[in-house]
Amino acid sequence: DPADTRTLFKKHRPTHVIHLAAMVGGLFRNMKYNLDFLRNNLHINDNVLHTSYELGVQKVVSCLSTCIFPDKTTYPIDETMIHLGPPHTSNFGYSYAKRMIDVQNRAYYEQHGCKYTAVIPTNVFGPHDNFNIEDGHVLPGLIHKVYQAKQNGSALSIWGTGKPRRQFIYSL
């Protein structure tokens with residue numbers, strides 16, 4: 001909400017902002033609500049960046065996502081490849097919203113000299129993650145599937161071809 005964002009920024013008067021706010025979800029949630037992920041995240045990003053500009057924040061560091069990279073790409077990947085093709089169709093709403101942070105940062109710099117940037121972390125997981133198979137991200141979902149298979153004595157079934165490359169980091 002723009003008014004709430006402005007109220008929060010006016011109250012705390014930050015000089016530097018680390019922008020981590022986002023509507024997030026796992027594969028199934030993204031596929032079901034691509035439009036919601038697009039709209040909500042575009043609004044969140046615009047609220048944070050524009051309020052930062054209006055109130056004179058010196059530096060904003062936003063968090064992008066590894067899903068912003070093109071679906072069809074070469075490896076290793078780096079930040080110069082973000083806009084070289086469409087992201088995977090399963091989460092295009094979230095992916096494009098996150099890509100737009102890069103575009104907005106550039107536009108704020110070119111028009112107003114704002115020092116806004118972004119980082120693209122690897123996939124993070126840990127003990128307080130969302131382990132729900134329908135709404136969680138890939139590794140917590142896999143951990144839950146392994147746990148269920150072990151508990152039920154059933155076979156473990158994992159989707160996909162095994163060809164995609166992913167990196168993960170564990171965080172407490």
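A quick note: this is a predicted structure, and the numbers were derived from the prediction, not measured. (Residues numbered from 1 in each chain as written. Predicted model: local features only at pLDDT ≥ 70, side-chain atom pairs only at ≥ 80, totals over all residues. Heavy atoms only, no water.)

1. Here we look at the pairing of strand E2 (residues 59-63)
- Sheet analysis places strand E1 (residues 16-19) next to E2, joined by four bridges and oriented parallel. Paired with histidine 16 across the two strands is lysine 59, which belongs to E2.
- Pairing analysis gives five bridges linking E2 to strand E3 (residues 115-119), with the strands arranged parallel. In the sheet register, valine 60 faces E3, and the bridge partner there is tyrosine 116.
- With respect to chirality, the unit in which E2 leads through helix H4 (residues 92-112) into the neighbouring parallel E3 is right-handed. (Pairing = 2+ DSSP bridges. Helix = DSSP H or I, 4+ residues; strand = E, 2+ residues; numbered from the N terminus. Right-handed = clockwise from strand over helix to strand, strands pointing away.)

2. Some words on the UniProt feature "domain: NAD-dependent epimerase/dehydratase" (unreviewed entry) in the chain
- With numbering matched to this structure, UniProt assigns "domain: NAD-dependent epimerase/dehydratase" (unreviewed entry) to residues 1-171.
- Helix and strand shares over residues 1-171 are 43% and 12% respectively, and the end C-alpha atoms of the span are 30 Å apart. (UniProt positions renumbered as here; feature names shortened; annotations may be inferred.)

3. A look at helix H5 (residues 138-152)
- With 15 residues, H5 extends 21 Å between its outermost C-alpha atoms, agreeing within 8% with the 21 Å of an ideal straight helix rising 1.5 Å per residue.
- Here H5 has its buried residues at Leu139, Pro140, Gly141 and Ala149.
- Residues of H5 that are buried make contact with strand E4 (123-125) and strand E5 (168-170).
- Looking one or two places after H5, you find glycine 153, whose phi comes out positive at around 65°. (Expected span 1.5 Å × (residues − 1). Buried < 20%, exposed > 50% of the residue type's maximum accessible area, 1.4 Å probe, protein only. Contact = heavy atoms within 4.5 Å.)

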